[in-house]
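# Architecture and fold: a report
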Amino acid sequence: MSDNNRLGVFKTYKLYVGGKFPRSESGRVYEVTTKTSAAGTAGKGQWLANAPQSSRKDARDAVVAARKAFGGWSGATAYNRGQVLYRVAEMLEGRKEQFVREVAASEGLSKSKAAAAVDAAIDRWVWYAGWTDKIGQIAGGANPVAGPFFNLSTPEPTGVVAVLAPQKSSLLGLVSAIAPVIATGNTAVVIASADAPLPALSLGEVLATSDVPGGVVNILSGVTAEIAAPLAAHQDVNAIDLTGADAELAKELEIAAADNLKRVLRPQPVDTDGASDSEDWLASPGTHRLTAFLETKTVWHPTGALGAAGSSY
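Everything numeric in this text was worked out from a predicted model, so none of it was measured.

### Quick look at the packing of helix H1 (residues 56–75) against helix H8 (residues 224–233)
One way to put it is that H1 packs onto H8 with a least axis distance of 9 Å and a crossing angle of 45°. One element, H1, and the other, H8, form an angle in the oblique class. Between H1 and H8 lies a crossing of right-handed hand. Residue-level contacts link Arg56, Ala59 and Val63 of H1 to Glu226, Ile227, Ala229, Pro230 and Leu231 of H8. Class assignment of the residues belonging to the contact of H1 with H8 gives a composition of six nonpolar, no polar and two charged.

### A short note on the pattern of salt bridges
Here the structure, examined in full by the defined rule, presents 14 salt bridges. For the salt bridge of Arg67 with Asp236, the shortest nitrogen-to-oxygen distance reads 3.1 Å. In this pair, Arg67 sits in helix H1 while Asp236 sits in the loop between H8 and strand S8 (239–241), placing the two residues 169 residues apart along the sequence. Here Asp236 falls in the partly exposed class, since its relative accessible area comes to 28%.

### Quick look at the packing of aromatic side chains
Applying the stated criterion across every chain yields a total of four aromatic pairs. On the basis of an interplanar angle of 75° and a centroid distance of 5.7 Å, the ring pair of Phe10 and Trp47 is categorised as edge-to-face. Of the two residues, Phe10 is situated in the segment before strand S1 (29–33) and Trp47 in strand S2 (residues 47–52); the sequence distance between them amounts to 37 residues. A residue is classified by how much of its surface remains accessible, and Phe10, at 65% relative accessible area, is exposed. For Trp47, a relative accessible area of 37% puts it in the partly exposed group. It is Arg67 that lies over the ring of Phe70; its NZ or CZ is 5.6 Å from the centre.

### Re the pairing of strand S7 (residues 217–220)
Both faces of S7 are covered, namely the face carrying Val217 and Ile219 and the face carrying Asn218 and Leu220. Both strand S6 (residues 187–191) and S7 contribute to a ladder of four bridges, which runs parallel. Bridge pairing links Val190 to Ile219 in S7. A crossover connection joins S6 to the parallel S7 through helix H7 (residues 198–208); in handedness this β-α-β unit is right-handed.

### Points about H1
With 20 residues, H1 should cover 28 Å at 1.5 Å per step; its first-to-last C-alpha distance of 29 Å lies within 8% of that length. A bend of about 40° at Ala69 is the largest found in H1. One side-chain oxygen at the N-terminal end of H1 lies 3.3 Å from the backbone nitrogen of Lys57; it belongs to Ser55.

### Notes on the sheet that holds strand S9 (residues 263–265)
Overall, parallel pairing links the five strands, which are arranged S7-S6-S5-S8-S9 in an open sheet. On the outer flanks of this sheet lie S7 and S9, each paired with one strand and no other. Sheet twist, expressed as the average angle between the axes of neighbouring strands with direction ignored, equals 15°. The sheet strands contacting helix H6 (residues 172–183) are strand S5 (160–164), S6, S7 and S8, and the helix crosses S6 at an angle near 160°.

### What to know about the environment of Leu207
Inspection of the secondary structure puts Leu207 in helix H7. Between the alpha carbons of Leu207 and Ala89 there is a distance of 9.7 Å; along the sequence they are 118 residues apart. For Leu207, the contacting residues outside a window of four places in its chain are Tyr16, Val88, Trp125, Val212, Val217 and Ile219.

So, how was this worked out
Residues numbered from 1 in each chain as written. Predicted model: local features only at pLDDT ≥ 70, side-chain atom pairs only at ≥ 80, totals over all residues. Heavy atoms only, no water. Axes fitted to C-alpha atoms, helices over the stretch in contact; angles between N-to-C directions. Helix = DSSP H or I, 4+ residues; strand = E, 2+ residues; numbered from the N terminus. Parallel < 35°, antiparallel > 145°, perpendicular 65-115°, else oblique. Left-handed = near helix turned anticlockwise from the far one by under 90°. Contact = heavy atoms within 4.5 Å. Nonpolar A, V, L, I, M, F, W, Y, C, P; charged D, E, K, R; others polar. Salt bridge = Lys/Arg side-chain N within 4 Å of Asp/Glu carboxyl O. Buried < 20%, exposed > 50% of the residue type's maximum accessible area, 1.4 Å probe, protein only. Phe/Tyr/Trp six-rings, centres within 6.5 Å; stacked < 30°, edge-to-face > 60°. Lys NZ or Arg CZ within 6 Å of the ring centre and 35° of its normal. Pairing = 2+ DSSP bridges. Right-handed = clockwise from strand over helix to strand, strands pointing away. Expected span 1.5 Å × (residues − 1). Bend = angle between axes of the 7 residues up to and from the residue. Polar contact = N/O pair within 3.5 Å; in protein donor to acceptor, adjacent residues only side chain to side chain.

See the structure below:
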């Protein structure tokens, strides 16, 4: 029997908060459309979906979920976190075709360029999975001191990190911002690209079917400034990544973040069209995003004397 008359089933995109998929508590949605050119220039293209428009209440709920998940996630071994991140790569690999379609439509890319971006996003999860149990070796160690003491510095996660995802790079840039935050034991509240949120919302489905505990990553969509303001001022948010903010918004959020001394990762210089994510996401990520949201704990311990000669260990 021919299915020419069959109506397609449109996907309902939802937020990802606390391991669940709620709609915005406000009930609001907004239209997401295709980009009108390969360059990603602004303009109204073909309708893709209605995305949930998050409210301040959604942002607060996401912080509660992230804080609840922090103890278990930061207390897991670094090796175990690496296994979990690698599992995300495995699951994303299995849904590659879907993400290629979504990235191509969201960013106005050809299928080949979108496929390259998705491949790089998968590889980025693998990259950070490998760093989980190694970052301590370059961000900590034994310190030489004058006196009979051991002096050891070890990195520890900062806590709940608010992440303003890149506005243009809807998946690769998003993953490049999220993965180092959770690789080091932090939990994240992520604001997806306002114009291209669909790959981010679909990533929530991948995280839910991986081994990432609920609440470790929480993904919101909507107006970036509207959601970011309460996160920057929230007393239970410990750090904020301003990558997806323009210069004016970044300044406002940095002022708000100073109230409880949040760690702040500043955006790259603003490019010609006012977007701050001019970073080359295909380039080697390095370790700067891993160390951006780590605290250093230093412990002093006296050495003991051995024998009459006064030697010590």
